[in-house]
Amino acid sequence: MRDDETVEHVTIKEKHGPLPRWAWLFIATCVIYGFVIGPFDWFSP
Amino acid sequence: MIDRAIKLWFFSALVWLVIGPAIGAFQSLQFIAPDWMNFLSAIALPYSKLRIVHTNTVILGWIVMTFISAALFMVPRLCNTPLRFPQLAYAAGWIWNAALVLDLVLIWAAIPDSFWLSIQAGEYAEAPLLVDVMIVAAVVCVIASLHLTVFARERPHLYVSVWYLLGGLYTTAITYLVGNFLVLAFSGEGYQVIEAWWLHNAVGMIITPLGLGTAYYIVPLAAQQPLYSHRLSIVGFWTLMAFYPGTGLHHFLQMPVPIWINEFAVISSVLLGIPVLAVVTNFLATPRGNWSRAFDSYPLRFAALGTLYYLATCLQGPFQATAAVNWYVHFTEWVQAHAHLALAGAFTCYGMAAGYYMFPRITGRQLYSRGLASVTFWCMVIFFPIFYIGFTWSGVATGASINLMGNTIYQTINITWIPRLSRTITGTVVVVGFIAYVWLLLRSLRVGAPYESGMNEVPEMGIETPFEEARA
């Protein structure tokens, strides 16, 4: 079924290109922090 | 019919925005003047029920309804085709509202031992089973309408908002089914594991994708700039879908479950930094070079403010999910403060950004008062952080009291009344800001100047250059 009402056209432009190098650095930090620090109970008494 | 469906979801959300947070502010009096609140038990509305009403109306009433109205508004525009089967979305809006009203009545009535009508045990899943059936039926109707629209789209490229909004509706249905139906097949520890999965994914797999999809639509249009990075937006979507579902059990790290489940939850929680990075970078880098637009555009202001709160809550989340921190903050109001930063801060700002953006475009009326719009914004800038700090302060003090000094939770009341009083006062001001927002929109229906495509939302702000022409 198609409604007779029209719809406003919206185009959102985007920039394309590879991920910046700092993004990879941040991802690596999350992975290391998550696996090394995260699960272990370092400080509780 | 398309406009009626969007308006039904949109204006219903405004009603729930007045009810839900106001109940929250009112019930917070329980912590500073419990004797005053005794009368509530006499009318069968004790704190335990009011809390359920508060969370259910805020989450399912205000936040999800406003984002579904945004999905109905945005997806057809991005697909360059009208909404298919708008009758389904319209009927779903009434079913959803009826479910919420029924939910409130059944919570008040508290019918015991009824399979369909009794309040359920799970946090955020307290709605009786009959209400759950109605909610799922409504979600399925909205999914059918929107997915058929996406199938019929007249441009092949799917902007990231469509991924988030449609994906978010699918994860809403799945999460709701697991948390409210599948969980009934388990008991004891198994029940608690599923319950943990549900209660965190109620935020992460229902509200987060819907809210981010909405903001991804508003930010580039309001800033009149191209989205900073398409690739980052897609990385953010898929890492959110990959890592979020595993995080729930960080709520129960002290529970006797296999340690690998705990570790999986903690690692997933920390890895959530990746989608957060993607989203925040895109939202804050897109307006770069054109931030002056924030002076003219309330949608951009609220989207930027929501992004700052989103960044704060998402830095806090992985931090408190680690075992090294969780032992201290567990059982304290730190956790509720975190939940309010996400829902009342980040996602309410995104919801209000969507409201300011959509209102003139679905009603044909501009907002009638720039001053009142400013009041709603500065309430969220000034008073919400104080409200959050009061909440967190209370949590830190309670943590010290019960974990380091060995006090009971009841003994903490004497040391936390100042932050609790602070959060009641500032929380009330935030609620007044919400009421001002609703009043602004409703009054604009009557007295707002006519709106035409390409105009700004607020009359004093002049005519804005349409995005297409500005960046052609």
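Thresholds applied
Residues numbered from 1 in each chain as written. Chains lettered and ligands numbered in written order. Predicted model: local features only at pLDDT ≥ 70, side-chain atom pairs only at ≥ 80, totals over all residues. Heavy atoms only, no water. Helix = DSSP H or I, 4+ residues; strand = E, 2+ residues; numbered from the N terminus. Buried < 20%, exposed > 50% of the residue type's maximum accessible area, 1.4 Å probe, protein only. Areas by Shrake-Rupley, 256 points an atom, 1.4 Å probe, with all protein chains shown as cover. Rg over C-alpha atoms; globule rule 2.2 N^0.38 Å. Contact = heavy atoms within 4.5 Å. Lys, Arg positive; Asp, Glu negative; His and termini not counted. Charge placed at Lys NZ, Arg CZ, Asp CG, Glu CD. 1 Å grid on protein atoms, 1.4 Å probe; cavity = no way out; pocket = protein on both sides within 12 Å on 5 of 7 lines; lining within 4 Å. Points joined across faces, edges and corners; volume = space filled by probe spheres on them. Nonpolar A, V, L, I, M, F, W, Y, C, P; charged D, E, K, R; others polar. Core = buried A, V, L, I, M, F, W, Y, C linked by side-chain atoms within 4.5 Å. Polar contact = N/O pair within 3.5 Å; in protein donor to acceptor, adjacent residues only side chain to side chain. Phe/Tyr/Trp six-rings, centres within 6.5 Å; stacked < 30°, edge-to-face > 60°. Lys NZ or Arg CZ within 6 Å of the ring centre and 35° of its normal. Axes fitted to C-alpha atoms, helices over the stretch in contact; angles between N-to-C directions. Parallel < 35°, antiparallel > 145°, perpendicular 65-115°, else oblique. Patch = residues over 30% accessible without salt bridge, like charges linked within 9 Å, V, L, I, M, F, W, Y side chains within 5 Å. Salt bridge = Lys/Arg side-chain N within 4 Å of Asp/Glu carboxyl O. Expected span 1.5 Å × (residues − 1). Bend = angle between axes of the 7 residues up to and from the residue.

### Examining the overall build of chain A
Next, step 1: A tally of helices and strands in chain A yields one helix and zero strands.
Next, step 2: The 45 residues of chain A split such that 29% are buried.
Next, step 3: Accessible surface, chain A: about 3,400 Å² in total, of which carbon and sulfur atoms supply 67%.

### A word on the overall build of chain B
Next, step 1: Each helix and strand in chain B was counted, giving 17 helices and zero strands.
Next, step 2: For 472 residues, the compact-globule formula gives about 23 Å, and the C-alpha radius of gyration of chain B, at 22 Å, lands near that figure.
Next, step 3: Among the 472 residues that make up chain B, the fraction classed as buried is 64%.
Next, step 4: Once local pairs closer than 6 in sequence are excluded, the contacts in chain B between residues at least 24 apart make up 83%.
Next, step 5: The average position of the 20 basic charges and that of the 19 acidic charges among the side chains of chain B differ by 10 Å.

### Brief notes about empty space enclosed by the protein
All names here are of chain B.
Next, step 1: The final tally for this structure, using the stated rule, is two cavities of 30 Å³ or more.
Next, step 2: Approximately 90 Å³ is the volume attributed to the largest cavity.
Next, step 3: Together, 14 residues line the largest cavity, and Ile-59, Leu-60, Tyr-176, Trp-198 and Ile-206 are the ones closest to its centre.
Next, step 4: For the lining of the largest cavity, the leading source of residues is helix α3 (residues 47-79), giving five residues.
Next, step 5: Of the residues contributing to the lining of the largest cavity, the split by class is eleven nonpolar, three polar and no charged.
Next, step 6: Space inside the second largest cavity adds up to approximately 30 Å³.
Next, step 7: Lining the second largest cavity are Gln-120, Gly-122, Ala-125, Gly-179, Asn-180, Val-183, Tyr-191 and Glu-195.
Next, step 8: For the lining of the second largest cavity, a count of residues per class yields three nonpolar, four polar and one charged.

### Observations concerning the nonpolar core
Residues and elements named next belong to chain B.
Next, step 1: By size, the foremost hydrophobic cluster in this structure holds 136 residues, and its most contacted members are Trp-96, Tyr-217 and Tyr-310.
Next, step 2: Per-element tally for this core: the top contributor is helix α7 (residues 188-223), with 18 residues.
Next, step 3: With sequence-adjacent residues up to four places away left out, Tyr-310 is seen in contact with Thr-208, Leu-212, Val-276, Val-279, Val-280, Ala-346, Phe-347 and Tyr-350.

### Re the side chain of Thr-247 of chain B
All names here are of chain B.
Next, step 1: Mapped onto the elements, Thr-247 comes out in the loop between α8 (230-243) and α9 (259-271).
Next, step 2: Its relative accessible area of 0% is what places Thr-247 among the buried residues.
Next, step 3: Within the local environment of Thr-247, its side chain forms a polar contact with the backbone oxygen of Tyr-244, the two atoms lying 2.9 Å apart.
Next, step 4: Those residues within four positions of Thr-247 in sequence are excluded, and the remaining contacts are His-200, Asn-201, Ala-265, Ser-268, Ser-269 and Leu-272.

### Considering the packing of aromatic side chains
All names here are of chain B.
Next, step 1: In the structure shown here, the tally under the stated rule is 29 aromatic pairs over all chains.
Next, step 2: Where Phe-73 meets Tyr-217, the ring centres are 6.3 Å apart and the plane angle is 75 degrees; that geometry is what we call edge-to-face. Of the two residues, Phe-73 sits in helix α3 while Tyr-217 sits in helix α7, which places them 144 residues apart along the sequence.
Next, step 3: Classification of Phe-73 by relative accessible area gives buried; the value is 0%.
Next, step 4: According to the relative accessible area criterion, Tyr-217 is buried, its value standing at 0%.
Next, step 5: Chaining the aromatic ring pairs together yields one cluster made of Phe-67, Trp-163, Tyr-164, Tyr-216, Phe-237, Trp-238, Phe-283, Tyr-310, Phe-347 and Tyr-350.
Next, step 6: Here the guanidinium or amino end of Arg-361 rests over the ring plane of Tyr-357, the centre of that ring lying 3.8 Å away.
Next, step 7: Across the ring face of Phe-31, the terminal group of Arg-423 is positioned such that the distance to the ring centre comes to 5.0 Å.

### Regarding the packing of α9 of chain B against helix α10 (residues 273-285) of chain B
Residue and element names in this part refer to chain B.
Next, step 1: At a closest axis distance of 5 Å, the pairing of α9 and α10 adopts a crossing angle of 15 degrees. The pairing of α9 with α10 is recorded here as roughly parallel in orientation. For the pair α9 and α10, the contacting residues are Ser-269, Val-270 and Leu-271 in the first and Gly-273, Ile-274 and Pro-275 in the second.
Next, step 2: The residue makeup of the contact of α9 with α10, split by class, is four nonpolar, two polar and no charged.

### Some remarks on a nonpolar patch on the surface
Residue and element names in this part refer to chain B.
Next, step 1: On the surface, Ile-389, Trp-393, Trp-417, Ile-418, Leu-421 and Ile-425 cluster together into a nonpolar patch covering about 610 Å² of accessible area.
Next, step 2: For the nonpolar patch, the secondary-structure elements that each account for two or more residues are α15 (370-404) and α16 (417-447).
Next, step 3: By secondary structure assignment, the location of Trp-393 is in helix α15.
Next, step 4: Judged by relative accessible area, Trp-393 falls into the partly exposed class, the value being 45%.

### Quick word on α7 of chain B
Residues and elements named next belong to chain B.
Next, step 1: The end-to-end C-alpha distance of α7 is 51 Å, a good match for the 52 Å that 36 residues give at a rise of 1.5 Å each.
Next, step 2: At Asn-201, α7 shows its largest bend, some 50 degrees.
Next, step 3: A large share of α7 lies buried, amounting to 30 of its 36 residues.
Next, step 4: Just downstream of α7, Gln-224 is the residue with a positive phi angle, here 55 degrees.

### A short note on helix α4 (residues 86-109) of chain B
Residue and element names in this part refer to chain B.
Next, step 1: With 24 residues, α4 ought to run about 34 Å at 1.5 Å a step, and its terminal C-alpha atoms sit 35 Å apart, in line with that.
Next, step 2: Residues of α4 that are buried include every one of Pro-86, Ala-89, Tyr-90, Ala-92, Gly-93, Trp-96, Asn-97, Ala-99, Leu-100, Asp-103, Leu-106 and Ile-107, and no others.
Next, step 3: Phi turns positive one or two residues past the end of α4, at Ala-110, with a value near 50 degrees.

### Re the pattern of salt bridges
Any two side chains of opposite charge can pair, given that their charged atoms come close.
Residue and element names in this part refer to chain B.
Next, step 1: Across all of its chains, the model carries three salt bridges over all chains by this definition.
Next, step 2: Between Arg-51 and Glu-123 there is a salt bridge whose closest N-O contact spans 2.9 Å. Of this pair, Arg-51 sits in helix α3 while Glu-123 sits in the loop between α4 and α5 (129-151), and the two are 72 residues apart along the sequence.
Next, step 3: On the basis of relative accessible area, Arg-51 is assigned to the partly exposed category, the value being 23%.
Next, step 4: Put simply, Arg-423 and Glu-333 hold a salt bridge, and the shortest N to O gap is 2.4 Å. Residue Arg-423 is located in helix α16, and its partner Glu-333 is located in the loop between α13 (323-329) and α14 (334-363); the two are separated by 90 residues in the primary sequence.

### Regarding the environment of Thr-11 of chain A
Next, step 1: You can see Thr-11 of chain A is positioned in the segment before α1 (21-37).
Next, step 2: A residue is classified by how much of its surface remains accessible, and Thr-11 of chain A, at 33% relative accessible area, is partly exposed.
Next, step 3: Here the alpha-carbon distance between Thr-11 of chain A and Tyr-33 of chain A, two residues 22 residues apart in the chain, equals 39 Å.
Next, step 4: Polar side-chain contacts of Thr-11 of chain A include one of 3.3 Å to the side chain of Arg-155 of chain B.

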